[in-house]
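Architecture and fold: a report
So you can see what is in the structure, the chains are spelled out below.
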Amino acid sequence: MIILSANNITKTYGVEPILTNASFHINKGDRIGIVGVNGAGKTTLLNILSGRLACDSGDFFVSANTNIGYLRQSDNFESEKTVYEEMLSIFSEVIELEHEMEALSHEISEESQKGNDVTNLLHRYDDMQEAFKEKNGYGFKSEIHGILNSMAFPEEFFHKKISLLSGGERTRLALASLLLKKPDLLLLDEPTNHLDIGTLKWLEQYLKAYAGTIVVISHDRYFLDQTVNRIFEIENHRLITYDGDYSTYAEKKRLREEDELRKYDLQQKEIQRQEEMIRRFRQHGTEKLAKRAQSREKRLEHIDRLEKPTSAQGKMKLRFKQNYQSGNDVLLIRELSKSFGTGSHRRQLFRNAELDLKRGERICLVGPNGIGKTTLLKIIMEREEPDQGYIRLGHNISFGYYDQEQNLLGEGNTVLEEVHSAYRLYSDTEVRSLLGRFLFKNDMVFQLVSSLSGGEKARLALLKLMLSGANLLIMDEPTNHLDIASKEIFEEALKEYPGTMIVVSHDRYFLNKVPTRIVELGEDGITNYLGGYDYYMEKKQSLGSGKSYLESLGQKTAGDGAAGEKRGTVGEEAGMDFDKAGLSPLEERRRAKEEQTQQKRIERERKRLEDSIAETEAKIEQVQREMCREEIYTDHVKSASCQSDLNRLQEELSETYEAWIALHDQT
């Protein structure tokens, strides 16, 4: 059953097209992932579907009684309620029904004591009780507790004012609220950005079992593989649909692009071949060849020329350098502890954390939300004070900091001013050139920072970090707002960086590719694991220790089971196609050998004909030179003989060309 159908949706901002003639349908129960580079128009599409934005042309239809819920990328709650009060307000109808049932129960008791007939009242109560049960009246409070806990809100947060929550906490609360409302069509814009791995795993399982329809924008490849069965790709303002999860889409897209490029190259070769034939036919001036040239020229004019396949957007060019090298000992942390609050409201984040960081190490800091990872980074940079313990920095340390909230960017600056104000030694031309490498081109450099998308702010922050020349990079969730192509470039740049880095990340692909060591932060301190995420999992299992924060999730990462199974599926599908053709391997080899032999024969014949053409053309040129000599054109007998030779050679050339053309038309 189709619950949403769109036809030729078009949207432009000024003269810049965002979406052009996007047509698609969404079936009930679909799990759709929307992918594309930052700025492609993914969020614009969700805004149109949710009714927050009007399209310029086209239309879309939503089936009757379809309830739409929309989680925006930065969906900050604006409420003076507490966390729990906000969640209770979702069930206001159920709570009101509960009060009515209590009042009716009290009335039934009073009327019974008076000896009055309460049959009708009991029937009413039974009806209300049934409705209360259908609306999960007996379980909604447990559901609230379950979802809040799963979204990393422990009970001490329940009575906290929403206005006091961080941006990430508000976004998680918005997601929890939306899941409790259970809309028929769930629109999610980057829902994984503020989730730790444990919460992300829970969300994947929840969405798999979700009764409604889901449309999600995400750059998390693993998350998409776990949750979607269709992909909508927005590229070059067009929307292309693919069946299957992300890995299937990536393979299909690769094959499609290869096929488009192959068809383009073949057409270009054919056009060049036809143009060469036309040129050669015209240069000989015979009537027969001139007609041939004219005929082929008309055919060439009517050909539907393919556009050369191009990428949707240029690639970000990123390379981190250090202005000078640090000492071998970069950072030493001993017995570090941190808590927040006072008295009975005091909350311990972590204690007895210890870390020894050497030059050139790339460590990734993991742990559940709220454990204090960002706080630890701020303590290292002396922006927060620890309760206990100490930090000792090595020789010649210079910090470069990436803040996941982008609070270090000046919202009132233009893009050009933001970079120029931090690096005044660069000229405007040099700054604009650098911005161009990060895809800020033309008038984009005059946009206000406040008007940039999350991905654009991320690229701007990375540019400033690159220019800092720091030898110790401190980064808090740097991949959150980057599209997949930018993530891959960023990962390669970090691997080539000669300095030292500490990165907080929950990106499972990133964790497997970048770190030389994974550092797990818990309440009782830090546990170190050399290598990437896969090694971490293997080490924990080989030690036979209790389940860790990450191990308990049983996660798969890039390059293991899920991807391997997907590659196997593609191979099996290819095998199925082969079987359908009804050819045995022996028959296939025989046919291939025959085709190869035939191709060689055609090539030999083509070479013979081309040599004959060249030889005949040389003879014609020689006869024409002879006819220009005075002793020839003044002697009518000799002139007639030359003309006869010329006619014979031109006829021979025409026949050879006919054979050559016929041979070309076979290929």
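Look up: the structure comes first, before these words.
Here the structure is a predicted model, which means the values were calculated and not measured.

The rules behind these values
- Residues numbered from 1 in each chain as written.
- Predicted model: local features only at pLDDT ≥ 70, side-chain atom pairs only at ≥ 80, totals over all residues.
- Heavy atoms only, no water.
- Helix = DSSP H or I, 4+ residues; strand = E, 2+ residues; numbered from the N terminus.
- Rg over C-alpha atoms; globule rule 2.2 N^0.38 Å.
- Buried < 20%, exposed > 50% of the residue type's maximum accessible area, 1.4 Å probe, protein only.
- Contact = heavy atoms within 4.5 Å.
- Areas by Shrake-Rupley, 256 points an atom, 1.4 Å probe, with all protein chains shown as cover.
- Lys, Arg positive; Asp, Glu negative; His and termini not counted.
- Charge placed at Lys NZ, Arg CZ, Asp CG, Glu CD.
- Salt bridge = Lys/Arg side-chain N within 4 Å of Asp/Glu carboxyl O.
- Phe/Tyr/Trp six-rings, centres within 6.5 Å; stacked < 30°, edge-to-face > 60°.
- Lys NZ or Arg CZ within 6 Å of the ring centre and 35° of its normal.
- Expected span 1.5 Å × (residues − 1).
- Pairing = 2+ DSSP bridges.
- Axes fitted to C-alpha atoms, helices over the stretch in contact; angles between N-to-C directions.
- Left-handed = near helix turned anticlockwise from the far one by under 90°.
- Nonpolar A, V, L, I, M, F, W, Y, C, P; charged D, E, K, R; others polar.
- Arc of directions from axis to C-beta.
- Core = buried A, V, L, I, M, F, W, Y, C linked by side-chain atoms within 4.5 Å.

**A look at the overall build of the chain**
Scanning the chain from N- to C-terminus turns up 21 helices and 18 strands. Relative to the compact-globule value of 26 Å for 667 residues, the chain shows a C-alpha radius of gyration of 35 Å, a clear excess of over 25%. Each of the three principal axes of the chain carries a C-alpha extent, and together these read 140 × 80 × 55 Å. A burial count over the chain gives 46% of its 667 residues as buried. Of the contacts formed within the chain by residues at least 6 apart in sequence, a portion of 69% connects residues at least 24 apart. Summing over all exposed atoms, the chain offers an accessible surface of approximately 34,100 Å²; the carbon and sulfur share of this is 47%. Each charge class in the chain was averaged separately, 92 positive and 110 negative side chains, and the resulting centres sit 5 Å apart.

**Re the pattern of salt bridges**
With the rule as written, the count across this model stands at 45 salt bridges. With its nearest N and O atoms 4.0 Å apart, the salt bridge here joins R334 to E354. Highlighted residues: R334 in strand β10 (residues 329–340) and E354 in strand β11 (residues 347–358), separated in sequence by 20 residues. Taking relative accessible area as the criterion, E354 reaches 33% and is therefore assigned partly exposed. The partner of K513 in a salt bridge is E492, with the nearest N and O atoms 3.3 Å apart. One end of the pair, K513, is in helix α16 (residues 508–513); the other, E492, is in helix α15 (residues 484–496), with 21 residues separating them in the sequence. Among the residues examined, E492 registers a relative accessible area of 34% and is labelled partly exposed.

**Quick notes on the packing of aromatic side chains**
According to the stated counting rule, one finds twelve aromatic pairs in the structure shown. Relative to F157, the ring of F153 lies with its centre 6.0 Å away and its plane at 65°, an arrangement referred to as edge-to-face. On the basis of relative accessibility, which here comes to 0%, the residue F153 falls in the buried class. Taken together, a centroid distance of 5.1 Å and an interplanar angle of 75° make the contact between Y242 and Y249 edge-to-face. For the pair Y242 and Y249, a shared accessibility class is recorded, and that class is buried. Of the aromatic side chains, those joined through ring pairs into one cluster are F320, F490, Y497 and F510. The positively charged end of R172 is found above the aromatic ring belonging to F153, 4.9 Å away from the centroid.

**Considering helix α7 (residues 197–208)**
For α7, which comprises twelve residues, the first-to-last C-alpha distance of 17 Å matches the rise-based estimate of 16 Å (1.5 Å per residue) to within 8%. Taken together, the buried positions of α7 are occupied by I197, T199, L200, K201, L203, E204, Y206 and L207.

**Some remarks on the sheet that holds strand β7 (residues 213–217)**
Read across the sheet, six strands follow the order β5-β6-β7-β3-β8-β9 without closing on themselves; strand pairing throughout is mixed. Both outer strands of the open sheet, β5 (68–71) and β9 (238–243), are each paired with one neighbouring strand and no more. The average undirected angle you get between the axes of adjacent strands in this sheet is 15°. Two strands pair when backbone bridges link them, and β5 and strand β6 (residues 185–189) are joined in this way by four bridges, in the parallel orientation. Bridging across to β6, Y70 finds its partner in L187. Taken strand by strand, helix α1 (residues 42–49) contacts β3 (31–35), β5, β6, β7, β8 (230–235) and β9, and its axis lies near 150° from that of β6.

**Focus: the environment of M381**
Following the sequence through the fold, M381 ends up in the loop between α11 (373–380) and β13 (388–393). Between the C-alpha atoms of M381 and I474, which are 93 residues apart in sequence, the distance is 8.6 Å. Those residues in contact with M381, other than ones at most four positions away along the chain, are F399, Y401 and I474.

**Observations regarding the packing of helix α5 (residues 140–150) against helix α6 (residues 167–181)**
With their axes 10 Å apart at the nearest point, α5 and α6 run at an angle of 145° to one another. As for the relative orientation of α5 and α6, their crossing is right-handed in sense. Contact residues: E143, I144, I147 and L148 in α5; L173, A176, L179 and L180 in α6. Of the residues contributing to the contact of α5 with α6, the split by class is seven nonpolar, no polar and one charged.

**Considerations on helix α12 (residues 415–422)**
Taken as a whole, α12 has its buried residues at V415, L416, E418 and V419. Taken end-on, α12 shows its buried residues confined to a sector of 165°, consistent with a single buried face.

**A few points about unusual backbone geometry**
You will see that E190, though not glycine, has its phi angle at about 50°, which is positive. Considering the arrangement of structural elements, one finds E190 in the loop between β6 and α7. Here N396, not a glycine, exhibits a phi torsion of approximately 60°, which is positive. By the element assignment, N396 lies in the loop between β13 and β14 (399–402).

**Details of the pairing of strand β1 (residues 2–13)**
By the bridge criterion, eight bridges tie β1 to strand β2 (residues 16–27) in an arrangement that is antiparallel. Its bridge partner lying in β2, T12 is registered against P17. Counting the residues that bridge the hairpin from β1 to β2 gives two residues, and of these G14 lies at a positive phi of roughly 70°.

**Some words on the sheet that holds β1**
Sheet strands line up and pair through hydrogen bonds in the backbone, either parallel or antiparallel. If you trace the three strands from one edge of the open sheet to the other, you get β2-β1-β4, paired in antiparallel fashion. Of all strands in the sheet, those with a lone pairing partner are β2 and β4 (57–62), marking the two edges. Each neighbouring strand pair of the sheet contributes to a mean axis angle of 15°, computed without reference to strand direction.

**Considerations on the nonpolar core**
It is characteristic of soluble globular proteins that their nonpolar side chains tend to be buried jointly. Residues I144, L148, L173, L175, L186, L188 and L207 are the most contacted members of the largest nonpolar core, which totals 51 residues. For this core, the leading source of residues is α6, giving seven residues. Membership of the second largest hydrophobic core comes to 46 residues, among which are I197, L409, L435 and M466.

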